[in-house]
Amino acid sequence: MLSTKMVNAINEQINAEMYSAYFYLAMNSFFESKSLAGFSHWMRMQAQEEMLHAMKLYDYVNERGGQVVLEAIAKPPAQWNSPMEVLNDVLAHEQKVTGLINNLMNIALDERDHASGGFLQWFVSEQVEEEANVGAVVDKLKLIGTDTSGLFVLDQELGKRLPPTMAP
Ligand code: FEO
């Protein structure tokens, strides 16, 4: 059985993951409107991955006898000035999520909830990967600078991103 504090904290994280999905879906829509199909696809895969994160937490709360309480999801932004601005926002957002996951882990440790600590370790590792993946795209955009042909090559590369799967 999860403590009330732990359930509330995981419920907040479910909302944060769903907001992340919403945030990336807004970026998907933005890139779609700019005809950058690869960037758009990459954001859609990112949004799908966030829903999987949310549902992994959701299922865990149910499995441990808690109740998921869904809250309103905040409105994401809709406009950016450049692909670089979008990807910088993604990186900053993932860094923020890493902080949230670390706080969640701290609560599990404070509560002496080893099952939750073990469960959350997956998210700790996932955030390392998420930041690295986004950081790699930001680095490529920096190299590209104002070279439009480079942007189209990157767009094609991002279009090859595979749909997310949930590792155990
Ligand atoms: Fe669910 Fe991108 O962190």
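Computed from a predicted structure; not experimentally measured. (Residues numbered from 1 in each chain as written. Predicted model: local features only at pLDDT ≥ 70, side-chain atom pairs only at ≥ 80, totals over all residues. Heavy atoms only, no water.)

Undergrad: Requested: an account of the overall build of the chain, with residues and values cited.
TA: Within the chain one finds five helices and zero strands. Helices and strands in the chain line up, N terminus first, as α-α-α-α-α. Its C-alpha radius of gyration of 17 Å places the chain within 12% of the 15 Å reference for a compact globule of 168 residues. Here the C-alpha coordinates of the chain stretch approximately 55 × 25 × 25 Å along the principal axes. (Helix = DSSP H or I, 4+ residues; strand = E, 2+ residues; numbered from the N terminus. Rg over C-alpha atoms; globule rule 2.2 N^0.38 Å.)

Undergrad: Explain the pattern of salt bridges to me, and be specific about the residues and the numbers.
TA: According to the stated counting rule, one finds three salt bridges in the structure shown. A salt bridge links E49 to R161; the shortest N-O distance between them is 3.6 Å. With E49 in helix α2 (residues 37-63) and R161 in the segment after α5 (148-158), this residue pair connects regions lying 112 residues apart in the sequence. Taken as a pair, E49 and R161 share a single burial class, namely buried. One salt bridge connects R64 with D113, and the closest N-O pair in it is separated by 3.5 Å. Pair noted here: R64 is in the loop between α2 and α3 (83-110) and D113 is in the loop between α3 and α4 (114-144), with a separation of 49 residues, a long-range link. (Salt bridge = Lys/Arg side-chain N within 4 Å of Asp/Glu carboxyl O. Buried < 20%, exposed > 50% of the residue type's maximum accessible area, 1.4 Å probe, protein only.)

Undergrad: A description of the nonpolar core should follow, citing residues and the corresponding values.
TA: With 25 residues, the main nonpolar core has M27, F31, F39, M43, V86 and L87 as its most contacted residues. Breaking this core down by element, the ones donating at least two residues are α1 (4-33), α2, α3, α4 and α5. At seven residues, α1 tops the list of elements feeding residues into this core. Setting aside residues up to four positions removed in sequence, M27 forms contacts with M43, W80, V86, D89 and V90. In this structure, M6, M18, I101 and I107 belong to the second largest nonpolar core, which totals 22 residues. (Core = buried A, V, L, I, M, F, W, Y, C linked by side-chain atoms within 4.5 Å. Contact = heavy atoms within 4.5 Å.)

Undergrad: Could you give me a rundown of unusual backbone geometry, with the residues and numbers involved?
TA: In this model, S35 sits at a positive phi of 60°, which is unusual for a non-glycine residue. Examined against the element boundaries, S35 turns out to sit in the loop between α1 and α2. Positioned with a positive phi, R112 is a non-glycine residue whose angle comes to about 55°. Of note, R112 is situated in the loop between α3 and α4.

Undergrad: Please provide a residue-by-residue account of the packing of α2 against α3, values included.
TA: Closest axis-to-axis distance for the α2/α3 pair is 13 Å, and the angle between their directions is 15°. In terms of axis orientation, α2 runs roughly parallel to α3. Here α2 runs over α3; the crossing is left-handed. When α2 is examined against α3, the residues F39, W42, M43, Q46 and E50 are found in contact with a partner set consisting of P83, V86, L87, V90 and E94. (Axes fitted to C-alpha atoms, helices over the stretch in contact; angles between N-to-C directions. Parallel < 35°, antiparallel > 145°, perpendicular 65-115°, else oblique. Left-handed = near helix turned anticlockwise from the far one by under 90°.)

Undergrad: I'd like to hear about α3, residue by residue, with values.
TA: Quick reminder: α-helices carry 3.6 residues per turn. Residues three or four places apart thus point the same way. For α3, with 28 residues, the first-to-last C-alpha span of 41 Å sits near the 40 Å given by 1.5 Å per residue. Where α3 ends, the next residue or the one after it, R112, has phi of about 55°, a positive value. (Expected span 1.5 Å × (residues − 1).)

Undergrad: Quick rundown of the side chain of H93? Include the residues and the values.
TA: With respect to the element layout, H93 can be found in helix α3. A relative accessible area of 10% places H93 in the buried class. Excluding residues within four positions of it along the chain, H93 makes contact with Y19, S20, F23 and Y24.

Undergrad: I'd like a description of the packing of α1 against α2, backed by residues and values.
TA: Running from N to C, α1 and α2 point in directions that differ by 165°, and their axes come no closer than 8 Å. Taken as axis vectors, α1 and α2 run roughly antiparallel relative to one another. Of the two possible hands of crossing, α1 and α2 adopt the one that is left-handed. Of the residues in the contact of α1 with α2, the class split is 19 nonpolar, seven polar and four charged. (Nonpolar A, V, L, I, M, F, W, Y, C, P; charged D, E, K, R; others polar.)

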